[in-house]
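Remarks on the overall topology
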Amino acid sequence: MDTLVTIGICTAIAMAAVVLGSKVQKAARFIFPVDCMTISLMVLSGIDAVFHFVVPEGFWYLPFVLGYFVGYLVVGRTAYAMVWETSLANMHVTMYPWVIWEEHGELYLQEQTNRALLRRLLCGVKHSVVTNVPLSEDWMVETKYPLFPLFSKPTVIVEDIKVDWEPVHWFWKFNVKRYTTFVDIAYAGTVSKMQLAQDESYLKVLQNQNTSLIDRIHELESQQGPMLMEAALRIDQSVDETSPVNRMHALIREGGPYKDRKKKKTKEEEDAGKEIPDDETE
């Protein structure tokens, strides 16, 4: 076969594969070619390249595969949004991509799993996304790792994400789960930049006031420390003095509980023993 003819056929196969790859990617809405359609196509192409069921020579699959991946990754590239989720309790920050598209005024999310893809393509069940405000990538996140260039990506900052589902009848006795994701956009994404700048200045003032109050509390605690310690020592001493053993010892040392009664009896005896005057007897 002439070289020019071979180059022409390879070019035509590659161009057709580019179109096919972009179409599959648009239908799958996957970021990388790991969807079930691409995997099935690659498996069938590999089997035919080895056993020659359709194409007499496996060489022709080389431009097909190259063109397919170029069309999938370059021509039909899917736009995605980076979502930043923060868990303050766990001190954990998570950032991951979401493939979101709008259809008839509704937002939908394509999970990067073949189960979710088949649920959408075969059953017609889509993953809905509900937000408190319109979703927009209004934050810019820049990340630098060693040996890698600077990564800069627009990001959506969210406060909370909740996923709910409900069963949807498919056919006969089979049901399919319809998922709905509720997203609470962070406050910074719900106000204007001017309002956010004012809030930032107010926050700095409140932080300064909070810091001064904390310093004052620490100062008062340091001043009251010796006083509290002295009061605690006095309380311990009084408790020790009023313990049953020490109280009994004090009573015995003072003459016991009948000391006053004995004194009273002695005085009565003294009064009874006095001699009555003669003038009073007469």
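Above this text sits the structure in question.
Residues numbered from 1 in each chain as written. Predicted model: local features only at pLDDT ≥ 70, side-chain atom pairs only at ≥ 80, totals over all residues. Heavy atoms only, no water.

**A few points about the pairing of strand 7 (residues 174-185)**
Applied cut-off: What makes two strands pair is DSSP finding at least two bridges between them. Strands here are runs of E lasting at least two residues and helices are runs of H or I lasting at least four, both read from the DSSP assignment and numbered beginning at the N terminus.
Across 4 bridges, the pairing between strand 4 (residues 127-131) and strand 7 is parallel. Within the sheet, the bridge partner assigned to S128 lies in strand 7 and is T180. As judged from the 12 bridges shared by strand 6 (residues 150-171) and strand 7, these two strands associate in the antiparallel manner. Directly across from D164, in strand 7, lies its bridge partner T180. Linking strand 6 back to strand 7 in an antiparallel pair, the connection comprises 2 residues, with W172 at a positive phi of about 50 degrees.

**Describing the packing of aromatic side chains**
Rule in force here: Side-chain rings of Phe, Tyr and Trp, where Trp is taken by its six-membered ring, are said to pair if the distance between their centres is within 6.5 Å; with planes under 30 degrees apart they count as stacked, over 60 as edge-to-face, and otherwise as tilted. Whether a charge sits over a ring comes down to the Lys NZ or Arg CZ being within 6 Å of the ring centre and within 35 degrees of the ring normal.
Tallied over the full model, the rule gives 13 aromatic pairs. Ring geometry for W170 and F171: centres 4.6 Å apart, planes at 80 degrees, overall edge-to-face. Taken together, Y61, F64, Y68, F69 and Y72 form an aromatic cluster joined through their ring pairs. Sitting over the face of the ring of W101, R29 holds its NZ or CZ atom 4.3 Å from the ring centroid.

**Section: the nonpolar core**
Defined as follows: For our purposes a nonpolar core is just a set of buried Ala, Val, Leu, Ile, Met, Phe, Trp, Tyr and Cys residues, chained together by side-chain atoms within 4.5 Å. Think of it in three bands: residues with accessible area under 20% of the maximum for their type are buried, residues over 50% are exposed, and the middle band is partly exposed, with areas taken using a 1.4 Å probe on protein chains only. The contact definition used throughout considers only heavy atoms, calling two residues in contact when any of these lie within 4.5 Å.
With 10 residues, the main nonpolar core is built from A17, V24, A28, F30, C36, Y61, F64, Y68, Y72 and L117. Taken together, the elements giving at least two residues each to this core come down to helix 1 (3-28) and helix 3 (61-75). Residues contacting F30, with those up to four places away along its chain left out, are Q25, D35, Y72, T78, Q110, E111, Q112, T113, N114 and L117. Formed by 9 residues, the second largest nonpolar core is a distinct cluster that contains W98, V158, I161 and V183.

**Notes on the packing of helix 2 (residues 36-51) against helix 4 (residues 114-121)**
Using the following cut-off: Only C-alpha atoms enter the line fits that serve as axes; for helices the fit covers just the stretch in contact. Angles between N-to-C directions range over 0 to 180 degrees. Oblique is the label for any angle not covered by the other classes, which are roughly parallel (under 35 degrees), roughly antiparallel (over 145) and roughly perpendicular (65 to 115). Throughout this entry, Asp, Glu, Lys and Arg are counted as charged residues, while Ala, Val, Leu, Ile, Met, Phe, Trp, Tyr, Cys and Pro are counted as nonpolar. The remaining residues, Gly among them, count as polar.
Across the interface, helix 2 lies against helix 4 with an axial gap of 10 Å and an inter-helix angle of 100 degrees. Taken together, helix 2 and helix 4 sit at an angle that is classed as roughly perpendicular. Every residue of helix 4 that contacts helix 2 at C36, M37 and I39 is listed here: N114, L117, L118 and L121. Grouping the amino acids of the contact of helix 2 with helix 4 by side-chain chemistry returns 6 nonpolar, 1 polar and no charged.

**Details of a nonpolar patch on the surface**
Condition: Note on patches: the residues involved have over 30% relative accessible area and no salt bridge, like charges join within 9 Å, and the nonpolar side chains Val, Leu, Ile, Met, Phe, Trp and Tyr join within 5 Å. To be clear on the numbers: accessible area is Shrake-Rupley with a 1.4 Å probe, and residue cover counts the displayed protein chains and nothing else. We define a salt bridge as a contact between a side-chain nitrogen of Lys or Arg and a carboxyl oxygen of Asp or Glu at a distance within 4 Å.
On the surface, I39, V43, L44, I47, V50, F51, F53 and V54 cluster together into a nonpolar patch covering about 850 Å² of accessible area. Among the structural elements, V54 can be located in the loop between helix 2 and helix 3.

**What about the side chain of T78?**
The condition is simple: Identification of polar contacts relies on pairs of N or O atoms within 3.5 Å, with a donor-acceptor requirement for protein atoms, meaning one able to donate a hydrogen and the other able to accept it, and with residues adjacent in sequence counted only if both atoms are side-chain atoms.
Along the chain, T78 falls in the loop between helix 3 and strand 1 (81-87). Owing to a relative accessible area of 13%, T78 belongs among the buried residues under this scheme. One polar contact links the side chain of T78 to the main-chain carbonyl oxygen of F30, over a distance of 3.5 Å. Those residues in contact with T78 that sit more than four places away from it in its chain are Q25, R29, F30 and V99.

Fair warning: the whole summary comes from geometry, so function is off the table for now.
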